[in-house]
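Residues per chain are reported as follows:
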Amino acid sequence: MAAPMENATKGTRLSGSSTSFQKKSRSKLIQIPGTKPSVHTGQLIVSSGVPSLDCALGGGLAVGSLLLIEEDEFDSYSHALLQYFLAEGVMSGHELFVASAQDHPDDIIKDLPSPLQDEDPDLKNASSSSPGQQDAMKIAWRYQNLPKFQSVLSSSSRFGHYYDLSKHMEQDLLQHAKIHTFYLPEEQPASTHLSGVLGPYSVLLHSIQSLIRQNGFDGSNSQVKTCNVLRLALHSLGSGLWGDDVCVSPAHNHALSTFLYVLRGLLRSSLSVAMVTVPTHLIRNKLLRGRLIRLSDTAIALQSFSAADRNNSLYKDYHGLLHVIQVPRLNCLGCEVPDTKDLAFRLKRKQFTIERMYLPPDLSDSVSRVSKVQLAPVCTSDGTKHLDF
């Protein structure tokens, strides 16, 4: 028994006083404010500004990825998501890049929502109902012991901020933020927009490339010592205001798809994340729509309700449906697919929330199961008599 003990003792000794049984150090991720590692892929993620949207996408937006939003018909709800995305960047200390051909980027930044100090306004409103209202909500006895259904998507861990759409962000917060703007009418004459394969997006791509390289988001600038995240907000690409006729003629659809392909390569090699809105409801070519989705990492679609749809009892409390078309597959063969069925959104006076849409229980007892069985016809061979058991 002495030899094994001696070997075990020798195995714990190396040169000097160190031992071989040392804890293996794990690789540390980059510590950037407003980011955290994903529990599913280990990828560094940021918040989109809407906690319920982060929950629907598996935790947040991965750094180096592209989120494509298919705009609603009036571009009101997708515009609100873009403002949430930028407001979260201001509160997290990230650099912002805003590009638009319709609204001036300065006007978009001025209308950013103000942050809230509350932990979760959705849960607070749900728990602050008066006792009189709770007593008034009586349901059948057979449904009383069932677990309560939580419609609002939420996570156990706090990530991101909450915002009030009825108030604008203070100027002190905007002055300390690093914001870069791109307004197409002020960049170059309209005659040079259609040059090259990228067409009207060549100037936009050049501005993004210069910003990433000069500020060291790709690691090329050794003078930048602190790491940060660049948020790219590109509004309504593919519309006629960009000089792109992709919505009219399918023959000139290569400019937008080429731009997304090159932009995705830039994001992969830099600490950047992009949110792109596209009016796909104006694109007649369905193959092009599928191509744009495949060129993005995450894709969602906003389907707003009309006045006739709001008259439906199922849709009266919502403003539209949210479809999660594609989730990212980063650092893994298979991705974590969240529960994204029957999602609806509502735009309240102060906030934008995404909820699970569900049907209330059927409480009608007019016809029992026995009566339904007795009233059901039974076919026989002669077609005149019922089977008698």
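A short tour of the structure in this document, coming up. Since the model is a prediction, treat every value here as computed from it, not as a measurement. (Residues numbered from 1 in each chain as written. Predicted model: local features only at pLDDT ≥ 70, side-chain atom pairs only at ≥ 80, totals over all residues. Heavy atoms only, no water.)

### A few points about the nonpolar core
Then, number 1: Within the largest apolar cluster, 42 residues are counted, with the highest numbers of intra-cluster contacts made by Leu53, Leu81, Leu86, Ile300, Leu322 and Phe352.
Then, number 2: No other element matches helix α3 (residues 77-92), which puts eight residues into this core.
Then, number 3: For Leu81, the contacting residues outside a window of four places in its chain are Val50, Leu53, Ile69, Met275, Ile300, Leu302 and Phe352.
Then, number 4: Leu66, Ile208, Ile212 and Val246 belong to the second largest nonpolar core, which has 38 residues in total. (Core = buried A, V, L, I, M, F, W, Y, C linked by side-chain atoms within 4.5 Å. Buried < 20%, exposed > 50% of the residue type's maximum accessible area, 1.4 Å probe, protein only. Helix = DSSP H or I, 4+ residues; strand = E, 2+ residues; numbered from the N terminus. Contact = heavy atoms within 4.5 Å.)

### Quick look at the packing of helix α10 (residues 254-268) against helix α11 (residues 286-294)
Then, number 1: In the contact formed by α10 and α11, the axes pass within 10 Å of each other and the chain directions differ by 10°. What the angle tells us is that α10 and α11 run roughly parallel. Seen from α10, the contacting residues are Leu256, Ser257, Leu260 and Arg264; seen from α11, they are Arg291, Leu292 and Arg294.
Then, number 2: Class assignment of the residues belonging to the contact of α10 with α11 gives a composition of three nonpolar, one polar and three charged. (Axes fitted to C-alpha atoms, helices over the stretch in contact; angles between N-to-C directions. Parallel < 35°, antiparallel > 145°, perpendicular 65-115°, else oblique. Nonpolar A, V, L, I, M, F, W, Y, C, P; charged D, E, K, R; others polar.)

### Regarding the packing of helix α9 (residues 202-214) against α10
Then, number 1: Orientation of α9 relative to α10, taken along the N-to-C sense of each, is 5°, at an axis distance of 11 Å. Considered as vectors, α9 and α10 are oriented roughly parallel to each other. From α9, Leu204, Leu205, Ile208, Gln209 and Ile212 reach across to α10, where they touch Phe259, Val262, Leu263 and Leu266.
Then, number 2: Broken down by class, the residue content of the contact of α9 with α10 amounts to eight nonpolar, one polar and no charged.

### Let's talk about the environment of Arg346
Then, number 1: Positionally, Arg346 belongs in strand β13 (residues 343-347).
Then, number 2: Owing to a relative accessible area of 19%, Arg346 belongs among the buried residues under this scheme.
Then, number 3: For the pair Arg346 and Gly320, spaced 26 residues apart in sequence, the C-alpha to C-alpha distance is 6.9 Å.
Then, number 4: Engagement of the side chain of Arg346 in a polar contact is seen with the backbone oxygen of Asp317, the distance being 3.4 Å. (Polar contact = N/O pair within 3.5 Å; in protein donor to acceptor, adjacent residues only side chain to side chain.)

### What about the pairing of strand β4 (residues 66-70)?
Then, number 1: When you tally the buried positions in β4, you get five out of five residues, the bulk of the element.
Then, number 2: What you see with β4 is no split at all: Leu66, Leu68 and Glu70 on one side and Leu67 and Ile69 on the other are buried throughout.
Then, number 3: Examined bridge by bridge, β4 and strand β10 (residues 272-278) share five bridges and lie parallel to one another. In the strand pairing of β10, Leu67 is matched with Met275. (Pairing = 2+ DSSP bridges.)

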